[in-house]
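# A closer look at the structure
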Amino acid sequence: MTGSEKTRLKVAVVGGSGYVGGELLRLLLPHPAVGDVRAFSESHAGETWGGVHPSLAHLGGGKFEPPDTAGAAAWADVLFFALPHGRSQEVIPEIPPAGPPLVIDLAADFRIHDQTLYSAYYGEHKAPSALEGFVYGLADVEGSRLRGKGRIAVPGCFATAALLAVHPLAAAGLLGETPTVFAVTGSTGSGVKPKRTTHHPVRAHNFFGYSQGGHRHEAEAAEQIRRWSGEEDGAIRILTHSAPIVRGIHATLLARVKEPLPDPGALFRKAYEGRPFVTVMDSPPELAAVVGSNHAHLHALSREGDRVVVVDCAEDNLVKGAAGQAVQVMNLALGHEETLGLGFGGLYPC
Ligand SMILES: NC(=O)c1ccc[n+]([C@@H]2O[C@H](COP(=O)([O-])OP(=O)(O)OC[C@H]3O[C@@H](n4cnc5c(N)ncnc54)[C@H](OP(=O)(O)O)[C@@H]3O)[C@@H](O)[C@H]2O)c1
């Protein structure tokens, strides 16, 4: 082992057999700052990572170990949790106070601090005291403010797309009323366990809405909009749909603004100036251009006397909306180059 390898990070992934866990392993194995990776899984303990995630077969890696939160916490410099919602709040409190310097959770459990907002969408939180210390890691907006943070909750996939689309308007105090996002996702958004609506004959040539009475990601998005706008009743509607695609989210924001905004593209370009993973396009983005990458492509226009703004955002739900953003927040928290290990493009056409 060389001197530089000795100083590389020890990283563990809990929930490594799921779709997000697999993406984390794909990104962490070749990451230049990562030296050693371990992954934990109950249902696949003892199996090779490549056997469970075939795209990892040529990348090396090891075997899944049975769940051991305390052991992982004692070993790792960085501990990622890619567990289903509700499970994180059961296991993260098992981490001793002197636990790893950096814990990154990908579930919704530690994203929302306002318990009224949280319980309206998720019910009662089982470990509210563990929320303390967690910050919301919307990497492309928070950027260097994540430096030195030790507990980071990665935003949800729909919330990431919706918030990237609404942030420049909310931060400029321009939101006139509750904005609406029409959002479409692929089947990987539902996780690795087969369901009727992810079964190929049902999904492959189908399109339908769901959770339209109030999608859970509205809660975390509302909390951030309130932070940015200073308006305590800030909110957003996210109307979610399932499309016959495997990966990706395409979201369209429709927002009435307080004063005419003839050139919203200029506002968006200024807001994301210098941000490496957000590109404001001259025409509406195509999903296939970002699939497989950590990039979000946005486009903004105005209509109805410039009082209504329409913003499209395209991202990969498993990369920008999950594992890629998690690696980006790791880079930011530890003071590495933000783009380290993430400098690859999309798969267009795919
Ligand atoms: N899929 C997405 O697009 C996406 C995007 C952003 C965020 N997220 C969030 O990231 C987390 C992981 O999502 P995912 O799509 O990777 O889910 P997934 O494919 O269902 O994987 C979750 C993993 O957690 C483990 N697990 C441990 N306890 C479990 C339990 N009680 N029930 C079911 N699984 C359990 C399972 O592995 P073992 O049983 O082998 O231990 C499973 O492989 C979720 O909180 C999700 O909301 C997902």
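Data block above holds the structure.
Before going into details, it helps to say that this report is about the structure given with it. (Residues numbered from 1 in each chain as written. Predicted model: local features only at pLDDT ≥ 70, side-chain atom pairs only at ≥ 80, totals over all residues. Heavy atoms only, no water.)

Turning to the pattern of salt bridges, a few remarks are in order. Taken as a whole and assessed by the stated rule, the structure comprises 16 salt bridges. The shortest N-O distance in the salt bridge between aspartate 114 and arginine 226 comes to 3.9 Å. In this pair, aspartate 114 is assigned in the loop between β4 (102-105) and α6 (115-122) and arginine 226 in helix α10 (residues 217-229), connecting sequence segments 112 residues apart. For the salt bridge of aspartate 140 with lysine 320, the shortest nitrogen-to-oxygen distance reads 2.6 Å. Of this pair, aspartate 140 sits in helix α7 (residues 139-142) while lysine 320 sits in helix α12 (residues 319-334), and the two are 180 residues apart along the sequence. Just as aspartate 140 is buried, lysine 320 falls in that class too. Beyond isolated ion pairs, a larger network of salt bridges with shared partners links Glu23, Arg26, Arg247 and Asp316. (Salt bridge = Lys/Arg side-chain N within 4 Å of Asp/Glu carboxyl O. Helix = DSSP H or I, 4+ residues; strand = E, 2+ residues; numbered from the N terminus. Buried < 20%, exposed > 50% of the residue type's maximum accessible area, 1.4 Å probe, protein only.)

Strands sit in the order β2-β1-β3-β4-β6-β5 across an open sheet of six strands; the sheet is parallel. The open sheet is flanked by β2 (34-40) and β5 (134-136), the only strands paired with a single partner. The average angle at which neighbouring strand axes cross in this sheet is 20°, direction not considered. (Pairing = 2+ DSSP bridges. Axes fitted to C-alpha atoms, helices over the stretch in contact; angles between N-to-C directions.)

On to the pairing of strand β1 (residues 9-14). Side chains on a regular strand alternate between the two faces of the sheet. The element β1 is extensively covered by neighbouring structure, given that five of its six residues are classed as buried. In terms of strand pairing, β1 meets β2 through six bridges, oriented parallel. Across the sheet, lysine 10 pairs through a bridge with aspartate 36, a residue of β2. In this region the chain leaves β1, passes through helix α2 (residues 19-28) and returns to the parallel neighbour β2; the handedness of that crossover is right-handed. (Right-handed = clockwise from strand over helix to strand, strands pointing away.)

Let us now look at the side chain of glutamate 142. Mapped onto the fold, glutamate 142 is located in helix α7. Discounting residues that sit within four places of it in the chain, glutamate 142 has contacts with Tyr136 and Arg227. (Contact = heavy atoms within 4.5 Å.)

Now for helix α11 (residues 264-271). For α11, the complete set of buried residues consists of Pro264, Gly265 and Phe268. For α11, the buried positions fall inside an angular range of 100° around the axis, keeping them on one side. Of the surrounding elements, those touching the buried residues of α11 are α8 (157-171), β11 (278-280), β12 (296-303) and β13 (308-315). (Arc of directions from axis to C-beta.)

A few words now on the pairing of strand β10 (residues 249-256). With burial as the criterion, only one face of β10 is covered, namely that bearing Ile249, Ala251, Leu253 and Ala255; the residues His250, Thr252, Leu254 and Arg256 on the opposite face remain uncovered. The pairing of strand β7 (residues 180-185) with β10 spans six bridges and is antiparallel. Paired with threonine 185 across the two strands is isoleucine 249, which belongs to β10. Note: β10 against β13, eight bridges, orientation antiparallel. Each residue of the ladder has a partner; that of leucine 253, found in β13, is valine 311.

What follows concerns the site of the ligand. In the vicinity of the ligand, 25 residues are found, and the nearest of them are Ser17, Ser41, Ser43, Leu83 and Val192. Histidine 85 is positioned such that a nitrogen or oxygen atom in its backbone is 3.5 Å from an oxygen atom of the ligand. Asparagine 317 places a polar side-chain atom, nitrogen or oxygen, 2.8 Å from an oxygen atom of the ligand. Notes on the ligand: free accessible area 880 Å², of which the protein chains cover 78%. (Near = heavy atom within 4 Å. Polar contact = N/O pair within 3.5 Å; in protein donor to acceptor, adjacent residues only side chain to side chain. Areas by Shrake-Rupley, 256 points an atom, 1.4 Å probe, with all protein chains shown as cover.)

Okay, the packing of aromatic side chains next. Here the structure, examined in full by the defined rule, presents three aromatic pairs. Relative to phenylalanine 134, the ring of phenylalanine 110 has its centre 4.5 Å away and its plane inclined at 10°; by these criteria the two rings are stacked. With a gap of 24 residues between them, phenylalanine 110 in the loop between β4 and α6 and phenylalanine 134 in strand β5 connect regions that are remote in the sequence. The burial state of phenylalanine 110 is the same as that of phenylalanine 134; both residues are buried. When the ring of tyrosine 118 is compared with that of tyrosine 122, the centres are 4.9 Å apart and the planes differ by 20°; the resulting orientation is stacked. In this pair, tyrosine 118 and tyrosine 122 are both assigned in helix α6, four residues apart and thus about one turn of the helix distant. By relative accessible area, tyrosine 118 is classed as buried at 1%. Note on tyrosine 122: relative accessible area 12%, which makes it buried. (Phe/Tyr/Trp six-rings, centres within 6.5 Å; stacked < 30°, edge-to-face > 60°.)

Another point: unusual backbone geometry. Cis geometry marks the peptide bond from tyrosine 348 to proline 349; its omega dihedral reads -10°. On the secondary structure map, proline 349 appears in the segment after α12. Even without a glycine there, the phi angle at glutamate 304 is positive, about 50°. Positionally, glutamate 304 belongs in the loop between β12 and β13. Take glutamate 304: its relative accessible area is 44%, and that puts it in the partly exposed class. The phi dihedral of aspartate 306 is positive, around 65°, even though this residue is not glycine. Looking at the secondary structure, you find aspartate 306 in the loop between β12 and β13.

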